[in-house]
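Given next are the chains, with one letter for each unit.
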Amino acid sequence: MAAKDGSKLGMRARPWTLVALLLGVAASVLMLVWNIHFRGGLAFRSANKQLIFNIHPVLMFIGFIFVSGNAIVAYKMVPGSKKGQKSIHMLLHLVALVLGITGVYAVFKFHRESKIHDMYSLHSWFGMGTICLYGLQFIWGFLFFWFPKVGTSRRSKLVPLHWFIGLILFLMATCTAEMGLLEKLTFLELFGGLKVYGREALLVNFTGIAILLFAIAVTLCVILP
């Protein structure tokens, strides 16, 4: 049904898979430049606790949003058989889930070692809800679309719901990332005593725009034939 409706737009999904890939790579590079060049780098163990925190935004975008976005468009981007596309789809979602959980662990580790309360912001609520629902979606997808005992007729009935929930979770993750960028810049000023203007603020703004455009491109890949 999505392909039939998407054909009315007069566009095809194939070019948008390349656009999505390029935007995702651009956002990933901007995210790395921000956290390595401006924020000092990444480390799971450091006397500078900010280096522990920096792992969180890097893994939550590059590891979670970027990889899961490519998993979503795998059926339109990867040539080959349906089974091969499904295997890549599941593998990329598994990688995204593992890296996302690691990113969540990094921010909890940062809070614990910095003696900061957990789960106090809307960003954290959205993020925790998204990662938990994503895990449930992965388990449900594995059981109903990969496990051989589920009948073909039942699978075909569940495909639209699986597709819809997956896209909603991807958009939730995107919203969470945008809120996280704003929250980090705000906290740097309020609690870090830093005036985040100039090149760093500009870089973060462009990162947020690139993430949004990446999400739009992925969505177009899904709805277009």
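Not measured: the values here are computed from a predicted model. (Residues numbered from 1 in each chain as written. Predicted model: local features only at pLDDT ≥ 70, side-chain atom pairs only at ≥ 80, totals over all residues. Heavy atoms only, no water.)

J.: Tell me about the overall build of the protein chain, residues and numbers included.
T.: Regarding its fold elements, the protein chain presents eight helices and zero strands. Along the protein chain, helices and strands appear, N-terminal first, in the series α-α-α-α-α-α-α-α. Over its C-alpha atoms the protein chain spans a radius of gyration of 19 Å, differing by no more than 12% from the 17 Å that the globule rule assigns to 225 residues. By principal-axis analysis of the C-alpha atoms, the protein chain measures approximately 60 × 40 × 25 Å. (Helix = DSSP H or I, 4+ residues; strand = E, 2+ residues; numbered from the N terminus. Rg over C-alpha atoms; globule rule 2.2 N^0.38 Å.)

J.: Would you mind going over the environment of L22 in detail, with residue names and values included?
T.: Within the secondary structure layout, L22 lies in helix α2 (residues 13-38). C-alpha separation for the pair L22 and A210, spaced 188 residues apart in sequence, amounts to 9.8 Å.

J.: I'd like a description of the layout of surface pockets, backed by residues and values.
T.: Its boundaries defined by the atoms lining it, the largest pocket holds a volume of some 990 Å³. Where the lining of the largest pocket is concerned, the elements lending two or more residues are α1 (2-6), α3 (49-72), α4 (74-77), α5 (82-114), α6 (122-145), α7 (152-190) and α8 (198-223). Top element by residues in the lining of the largest pocket is α7. It accounts for ten residues. Within the lining of the largest pocket, the residues separate by chemical class into 19 nonpolar, seven polar and four charged. Estimates place the volume of the second largest pocket at around 780 Å³. Forming the walls of the second largest pocket are 39 residues, and the residues nearest its centre are F53, H56, V107, H123 and E183. For the lining of the second largest pocket, the secondary-structure elements that each account for two or more residues are α2, α3, α5, α6 and α7. When residues in the lining of the second largest pocket are grouped by element, the largest group, nine residues, is from α7. Here the lining of the second largest pocket is composed, by residue class, of 24 nonpolar, twelve polar and three charged. (1 Å grid on protein atoms, 1.4 Å probe; cavity = no way out; pocket = protein on both sides within 12 Å on 5 of 7 lines; lining within 4 Å. Points joined across faces, edges and corners; volume = space filled by probe spheres on them. Nonpolar A, V, L, I, M, F, W, Y, C, P; charged D, E, K, R; others polar.)

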